[in-house]
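Coordinate analysis (summary)
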Amino acid sequence: MLGNEYAQARKQYVEEVRRSFHHMQPEEYEEEPQAGAVSFFKVRFLIAVCIFAAFVLCDRTGSRFYDHTTEEVVELLKQERFQSELDAIRETWDVITREK
């Protein structure tokens, strides 16, 4: 009889432990960052690093990229010819991200 009581107590204990796992509250879990957003950032960062590395390589070797030297590229960037378009893109991006 002692073995039967032990088995019953053990079975009850196992059932209580199993039930305790089903009662976890959702707020106990920490929110994880969205995998898509993180991986998209990694891809953008990798592309930016590659573009910067290509620019430095062209600058060091004196190579031309589509008939432009690195000095010409810097001057084009300083002119801010596309500033109005960039501002419009930034505003649109802000509106899109606020809606989500």
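The structure presented is a predicted model; accordingly, all values stated were derived computationally and were not measured. (Residues numbered from 1 in each chain as written. Predicted model: local features only at pLDDT ≥ 70, side-chain atom pairs only at ≥ 80, totals over all residues. Heavy atoms only, no water.)

Remarks on the overall build of the protein chain
- When you go through the protein chain residue by residue, the secondary structure sums to 4 helices and 0 strands.
- Helices and strands appear in the protein chain in the N-to-C order α-α-α-α.
- Counting only residues that meet the buried cut, the protein chain has 3% of its 100 residues in that class.
- As presented, the protein chain carries roughly 10100 Å² of accessible surface, and 60% of it is formed by carbon and sulfur atoms. (Helix = DSSP H or I, 4+ residues; strand = E, 2+ residues; numbered from the N terminus. Buried < 20%, exposed > 50% of the residue type's maximum accessible area, 1.4 Å probe, protein only. Areas by Shrake-Rupley, 256 points an atom, 1.4 Å probe, with all protein chains shown as cover.)

Comments concerning the packing of aromatic side chains
- With the rule as written, the count across this model stands at 1 aromatic pair.
- Considering the side-chain rings of phenylalanine 41 and phenylalanine 45, the 6.2 Å spacing of their centres and the 20 degrees angle between planes classify their relative orientation as stacked. Placement of the pair is phenylalanine 41 and phenylalanine 45 together in helix α2 (residues 35-61), with a separation of 4 residues, close to one helical turn.
- Residue phenylalanine 41 is classed as partly exposed on the basis of its relative accessible area of 48%. (Phe/Tyr/Trp six-rings, centres within 6.5 Å; stacked < 30°, edge-to-face > 60°.)

Remarks on the side chain of threonine 70
- Among the structural elements, threonine 70 can be located in helix α3 (residues 70-79).
- Residue class for threonine 70 comes out buried when judged on its relative accessible area of 8%.

Considerations on a nonpolar patch on the surface
- On the surface, Tyr13, Val14, Val17 and Phe21 cluster together into a nonpolar patch covering about 370 Å² of accessible area.
- Its location among the elements puts phenylalanine 21 in helix α1 (residues 2-22).
- Owing to a relative accessible area of 55%, phenylalanine 21 belongs among the exposed residues under this scheme. (Patch = residues over 30% accessible without salt bridge, like charges linked within 9 Å, V, L, I, M, F, W, Y side chains within 5 Å. Salt bridge = Lys/Arg side-chain N within 4 Å of Asp/Glu carboxyl O.)

Quick look at unusual backbone geometry
- Even without glycine at this site, aspartate 67 takes up a positive phi of about 65 degrees.
- Among the secondary structure elements, aspartate 67 is positioned in the loop between α2 and α3.

Brief notes about the confidence of the model for the protein chain
- For the protein chain, per-residue confidence averages 80 on the pLDDT scale, and 80% of positions sit at 70 or higher.
- Mean pLDDT across the secondary structure elements of the protein chain bottoms out at α1, with 81, and peaks at α2, with 87. (pLDDT = per-residue confidence, 0-100.)

As for the pattern of salt bridges
- Applying the stated criterion across every chain yields a total of 1 salt bridge.
- Residue aspartate 87 is joined to arginine 90 by a salt bridge in which the shortest nitrogen-to-oxygen separation is 3.4 Å. On the criterion of helical spacing, the pair formed by aspartate 87 and arginine 90 is a turn pair, its members being 3 residues apart in helix α4 (residues 83-99).
- On the accessibility criterion, arginine 90 (48% relative accessible area) is partly exposed.

Describing the environment of threonine 61
- Assignment of secondary structure puts threonine 61 in helix α2.
- Only 2.8 Å separates the side chain of threonine 61 from the backbone oxygen of leucine 57, close enough to count as a polar contact. (Polar contact = N/O pair within 3.5 Å; in protein donor to acceptor, adjacent residues only side chain to side chain.)

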